[in-house]
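Below, each chain spelled out in residue letters.
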Amino acid sequence: LHTGARSGELAALQWHNIDWDKQTLRISKSVHYGKGDTKPELKPTKTGKARTIVLTQNVISELKQYRAWVAERLLKGGVRLKESMHILFDNDLGPLHKTAPQERWDTLLRNAGLEHRGIHDLRHTYASNLIAQGLHMKLISEMLGHSSIRMTMDIYGHLLDINDAQIRKALEASEIL
């Protein structure tokens, strides 16, 4: 919800992708399942470009708590947490299997008593929230890892709250020049 990442990108995240001091997350890989659900492969992102996502203090705090919890659980099994380990992992400590993110998301929704929605909807909510805050569409496009601003506008352009009064004001301002 706070990254706008695709589920494959989330599954590929490793602890070294977090810059704790700068409070950012580097997305450079995605998990692909071309060889089957239980044979994930790390590949470049959909566009082949890496991007850096700004994280809030709350997200950093939650990640630190989660990291401590994971480290404790791993130690009980005789395994030390390493920077190269996946943040979200399967039983074999590798990337999540293809169906795992949606299954875990469905469980969270069910336990919270919320209506079902796809995990990809979080990406749309992230973009919608950025648009509602008035961020420039080019920046939003970059944060989402879209190949072009045109793609972002095609998907989210309808959310821009532009009305006749704003258009008129802009045109009147340009008449002064």
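Here, every reference points to the structure presented above.
Residues numbered from 1 in each chain as written. Predicted model: local features only at pLDDT ≥ 70, side-chain atom pairs only at ≥ 80, totals over all residues. Heavy atoms only, no water.

Bringing the pairing of strand E2 (residues 24–27) into the picture now. One ladder, built from two bridges, connects strand E1 (residues 18–19) with E2; its direction is antiparallel. If you follow Ile18 over to E2, its bridge partner there is Leu25. Count of turn residues in the E1/E2 antiparallel hairpin: four residues, of which Gln23 carries a positive phi of about 55°. Here E2 pairs with strand E5 (residues 51–54) via four bridges, running antiparallel. Opposite Ile27, over in E5, you have Arg51 as the bridge partner. (Pairing = 2+ DSSP bridges. Helix = DSSP H or I, 4+ residues; strand = E, 2+ residues; numbered from the N terminus.)

Moving on to the nonpolar core. Core analysis: the biggest nonpolar cluster contains 24 residues, and Ile18, Leu25, Ile53 and Leu55 have the highest contact counts within it. Those elements that place two or more of their residues in this core are E2, helix H2 (57–76), helix H4 (121–132) and helix H5 (137–144). With five residues, the top contributor of residues to this core is H2. Setting aside anything within four residues of it in sequence, one finds Leu55 in contact with His2, Thr3, Gln23, Thr24, Leu25, Ile60 and Leu63. Ranked by size, the runner-up nonpolar core spans six residues in total, among them Val31, Tyr33, Leu96 and Ala100. (Core = buried A, V, L, I, M, F, W, Y, C linked by side-chain atoms within 4.5 Å. Buried < 20%, exposed > 50% of the residue type's maximum accessible area, 1.4 Å probe, protein only. Contact = heavy atoms within 4.5 Å.)

This part covers H2. With 20 residues, H2 ought to run about 28 Å at 1.5 Å a step, and its terminal C-alpha atoms sit 29 Å apart, in line with that. Those residues of H2 that are buried are in contact with E1. (Expected span 1.5 Å × (residues − 1).)

Time to look at the side chain of Thr152. Note that Thr152 resides in helix H6 (residues 149–156). Side chain to side chain, Thr152 and His146 meet in a polar contact 2.6 Å long. Apart from residues no more than four positions distant in its own chain, Thr152 is found in contact with Met137, Ile140, Ser141, Leu144, His146 and Gly157. (Polar contact = N/O pair within 3.5 Å; in protein donor to acceptor, adjacent residues only side chain to side chain.)

Now for the environment of Ala11. With respect to the secondary-structure elements, Ala11 resides in helix H1 (residues 7–12). By relative accessible area, which is 1% here, Ala11 ends up buried. Spatially, the C-alpha atoms of Ala11 and Arg26 are 13 Å apart, while their sequence positions differ by 15 residues. Look past the residues within four positions of Ala11 in its chain and what remains in contact with it is Val31, Tyr33, His86, Leu88, Pro95 and Leu96.

If you trace the backbone, Met85 turns up in the loop between H2 and helix H3 (100–112). Met85 gets classed as buried once you look at its relative accessible area, which sits at 13%. The spatial distance from the C-alpha of Met85 to the C-alpha of Ser147 is 28 Å, given a sequence separation of 62 residues. Look past the residues within four positions of Met85 in its chain and what remains in contact with it is Leu13, Gln14, Trp15, Leu74, Val79, Arg80 and Leu93.

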